[in-house]
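As a plain string of letters, each chain reads:
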Amino acid sequence: MLLKENVNFEEISSNGDWAMGKPTARDLAAAAGVSLSTVDRVLNNRGAVSEDKERRVLEYARKLKIDRALNQRAARTLRIAVLLQSRANPFHAAVQDSFEAANRDFLQYNLQFQVYHIDPTRPAATVALTNALSLRCDGLVIVSPQNEDIAAALRAFGQNGKPVITLATDIRDAGRYAYVGPDNRKAGRVAGDLMGRLLGEEGGEIVVISGMLSMIGHEEREMGFRAVLRERYPQCKVAEVVESMERGERAGDLVFNALKGNPRIRGIYNASAGARSVASAMNALGRRSDIVFITHELTDERRQLMREGMIDAIIDQNPVVEVRTAVEALAAHFRRKDEPPISLMTPIQVHMIENC
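Residues numbered from 1 in each chain as written. Predicted model: local features only at pLDDT ≥ 70, side-chain atom pairs only at ≥ 80, totals over all residues. Heavy atoms only, no water.

## Quick look at the nonpolar core
Ranked by internal contacts, the top residues of the largest apolar core, which has 27 residues, are F99, L111 and F113. Broken down by secondary-structure element, the contributors of at least two residues to this core are β1 (78-84), α4 (90-105), β2 (111-117), β4 (164-167), β5 (178-180) and α12 (319-333). Examining the composition of this core, we find that six residues originate from one element, α12, more than from any other. Those residues in contact with F113 that lie beyond four places of it in its chain are I80, V82, F99, A102, N103, V327 and L330. Ranked by size, the runner-up nonpolar core spans 24 residues in total, among them I209, A251, I268 and C356. (Core = buried A, V, L, I, M, F, W, Y, C linked by side-chain atoms within 4.5 Å. Buried < 20%, exposed > 50% of the residue type's maximum accessible area, 1.4 Å probe, protein only. Helix = DSSP H or I, 4+ residues; strand = E, 2+ residues; numbered from the N terminus. Contact = heavy atoms within 4.5 Å.)

## Thoughts on the sheet that holds β4
The pairing of strands in a sheet happens through backbone hydrogen bonds and is either parallel or antiparallel. Here we have five strands laid out as an open sheet, ordered β2-β1-β3-β4-β5, and parallel in their pairing. The sheet is open, and its two borders are formed by β2 and β5, each paired with just one other strand. Neighbouring strand axes in the sheet, compared pairwise and without regard to direction, differ in orientation by 20° on average. Where β1 meets strand β3 (residues 139-142), four bridges bridge the pair, whose relative direction is parallel. Its bridge partner lying in β3, A81 is registered against L140. The sheet strands contacting helix α6 (residues 148-157) are β3 and β4, and the helix crosses β3 at an angle near 155°. (Pairing = 2+ DSSP bridges. Axes fitted to C-alpha atoms, helices over the stretch in contact; angles between N-to-C directions.)

## Side note on the packing of aromatic side chains
All chains considered together, the criterion is met by three aromatic pairs. When the ring of F225 is compared with that of Y269, the centres are 4.5 Å apart and the planes differ by 15°; the resulting orientation is stacked. With F225 in helix α8 (residues 216-232) and Y269 in strand β8 (residues 265-270), this residue pair connects regions lying 44 residues apart in the sequence. For F225, a relative accessible area of 0% puts it in the buried group. (Phe/Tyr/Trp six-rings, centres within 6.5 Å; stacked < 30°, edge-to-face > 60°.)

Quick look at the structure:
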């Protein structure tokens, strides 16, 4: 359907008939600073328009409340790289699933998400991948430990206005466009409060398992956890903080050794992967009934462990919500969405056996 100079966009009926008007093609062209033929190509999805002009036409079409432009699919596909750990980590598997679903669920933004797996213990490989992706991608989402070289690579990636989003755990000095995820310090405080309440007046010693303390999110969880115990539960003491290096089987080995060497341990706070192996260690030493076990991420496996009485509380950050928020933040950055998300800080939810 060709546009005419003085057609009313707002009063096009649902069956495509023209009606008398308010904003016209000439109004839209003038507001966006483009030609009438460019307006026609954008609104009729004909292509052959630069990204900047397409963005301006759609932006001003929305401002003029031209109904049929409100959900217009942008013509140019923008490629967004997503850097995550492998699917062996349940949280990262859930994030990957959510980004793959976003390719189907947010067609109007025309953002294509491609997942690349990274090893958090090999920062040089992450730097090399980031540098390579900067040549062919329009944006990047990353879940990674803190590392100066990675931060520098992310700053370089974003030098030409390409957005970088840190997801679930932040990266300092990365020049990122946004951090999307929970308040990890608050999540740690919630875990500490639950631990203090569940251990009761008798209290006891606690083992904290961090995936990697170089992950800002894990560092903040541990800090929040300790802070609450100091403030309100002096009968509870962190005996040691260990790193699983994001390997589930290692988490179980660390717990087994800690419980075997210290009978005063009455609490385990696992801020990372390895819930099944931790539960196995508790069982192997006959400590299933006298340990309070708190962890993160409500996976199917952890839900089952809770129903079996192995986990007392799970603090979930809902990766589906995190990914949706990141997608909308990117769409707003590229002006394919009128407004950014109301908040980039995503909620947490506490699950216990009665609501898991």
